[in-house]
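# Overview (structure and organization)
The residues making up each chain are set out below.
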Amino acid sequence: MKDIKYLVLDVDGTLTDGCVYMGENGELCKAFNIKDGYGIAHQLIPSGVIPMIITGRTSKIVENRCKELGITNIFQGVADKLGKLKGVMSSNGRTLKDCAYMGDDLNDLEVMKAIKAEGGLIGCPADAAPAVIEICDFVSEKDGGRGCVRDFIEWLID
């Protein structure tokens, strides 16, 4: 593993299957993979890598899942993921080369390309957008929400 200090994760399509389940009264649900959660809480964090969430949507469900896993760096409702990440890294005396990032869609491309250009690592689920798959250092054999994050974690820390 390179000297990675942060694993930055997208949520929808990466930690989840990308579906938003909506009930008749407007309630929303998301499904998270237990293997991804185990990888974050029991493999990634103990290895000294800090998990971080940067997502375009805002959801109390994500906040609850992060609390359960011990993820304290949560940024929701972020349109400019690269700007947010640069700001966080700068305030911590770090740069993008200290990051690994896993995302699945075109809104992740800008930040993924910037991390890769700085020497960080990028990964994606098997069902990511073709343009994302094309640039990744690691492509999981699993789809988003189906254990792809755990695959990436194990690849990073081995």
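The structure under discussion appears in the preceding block.
All figures in this text were calculated on a predicted structure; none of them were measured in a lab.

Attention shifts here to the overall build of the protein. Scanning the protein from terminus to terminus reveals 6 helices and 8 strands. Helices (α) and strands (β) of the protein occur, in sequence order from the N terminus, as β-β-β-α-β-α-β-α-β-α-β-α-β-α. Relative to a compact globule of 158 residues, whose C-alpha radius of gyration would be 15 Å, the protein shows 14 Å and is just as compact. Viewed in the frame of its principal axes, the protein has a C-alpha envelope of about 45 × 35 × 30 Å. Per-residue burial over the protein gives 49% buried out of 158 residues. Carbon and sulfur atoms provide 50% of the accessible area of the protein, an area that totals close to 7,600 Å². Averaging the locations of the 18 positively and 24 negatively charged side chains of the protein gives two centres separated by 5 Å.

On to helix α6 (residues 148–157), then. When you tally the buried positions in α6, you get 7 out of 10 residues, the bulk of the element. By the burial criterion, the buried members of α6 are C148, V149, R150, D151, F152, I153 and L156. For α6, the secondary structure elements touched by its buried residues are β1 (6–9), α1 (34–44), β6 (99–102), β7 (121–124) and β8 (138–139).

This brings us to the packing of helix α3 (residues 81–91) against helix α4 (residues 109–118). Relative orientation of the contacting elements α3 and α4 amounts to 45°, with a least axis distance of 8 Å. Classified by the interaxial angle, the pair formed by α3 and α4 is oblique. The residues of α4 that touch α3, namely those facing K81, L82 and L85, are E110, V111, A114 and I115. Classifying every residue of the contact of α3 with α4 gives 5 nonpolar, no polar and 2 charged.

With that settled, the discussion passes to the sheet that holds β7. Across the sheet, which stays open at both edges, the 6 strands sit in the order β5-β4-β1-β6-β7-β8 with parallel pairing between neighbours. Lying at the two open borders of the sheet, with one neighbouring strand each, are β5 (73–75) and β8.

The two faces of β6 match: C99 and Y101 on one face and A100 and M102 on the other face are all buried. As defined by bridge partners, β6 adjoins β7 across 3 bridges and the pair is classed as parallel. Directly across from M102, in β7, lies its bridge partner G123. Following the backbone out of β6, through α4 and into the adjacent parallel β7, one traces a crossover that is right-handed.

On to the nonpolar core. Among the nonpolar cores identified, the biggest contains 25 residues, and V8, M52, L85, M89, M112, I115 and V132 are the most heavily contacted of them. When residues of this core are traced back to their parent elements, those giving at least two are β1, β4 (50–54), α3, β6, α4, β7 and α5 (130–135). The element that contributes the greatest number of residues to this core is α4, accounting for 5 residues. Each residue touching V8, except ones within four places of it in the same chain, is listed here: M52, I54, L85, C99, A100, Y101 and M102.

Moving on to the packing of aromatic side chains. Under the counting rule described, the total for this entry stands at 3 aromatic pairs. Ring geometry for F138 versus W155: centroids 5.2 Å apart, planes at 35°, classification tilted. Here the residue F138 occupies a position in strand β8, and W155 occupies one in helix α6, the gap between them amounting to 17 residues. Ring centres of F152 and W155 lie 5.8 Å apart, and the angle between their planes is 15°; on these two criteria the pair is classed as stacked. Taken together, the residues F152 and W155, both in helix α6 and 3 residues apart, mark about one turn of the helix. Looking at F152, the relative accessible area reads 0%, which means it is buried. Taken together, F138, F152 and W155 form an aromatic cluster joined through their ring pairs.

The rules behind these values
Residues numbered from 1 in each chain as written. Predicted model: local features only at pLDDT ≥ 70, side-chain atom pairs only at ≥ 80, totals over all residues. Heavy atoms only, no water. Helix = DSSP H or I, 4+ residues; strand = E, 2+ residues; numbered from the N terminus. Rg over C-alpha atoms; globule rule 2.2 N^0.38 Å. Buried < 20%, exposed > 50% of the residue type's maximum accessible area, 1.4 Å probe, protein only. Areas by Shrake-Rupley, 256 points an atom, 1.4 Å probe, with all protein chains shown as cover. Lys, Arg positive; Asp, Glu negative; His and termini not counted. Charge placed at Lys NZ, Arg CZ, Asp CG, Glu CD. Contact = heavy atoms within 4.5 Å. Axes fitted to C-alpha atoms, helices over the stretch in contact; angles between N-to-C directions. Parallel < 35°, antiparallel > 145°, perpendicular 65-115°, else oblique. Nonpolar A, V, L, I, M, F, W, Y, C, P; charged D, E, K, R; others polar. Pairing = 2+ DSSP bridges. Right-handed = clockwise from strand over helix to strand, strands pointing away. Core = buried A, V, L, I, M, F, W, Y, C linked by side-chain atoms within 4.5 Å. Phe/Tyr/Trp six-rings, centres within 6.5 Å; stacked < 30°, edge-to-face > 60°.

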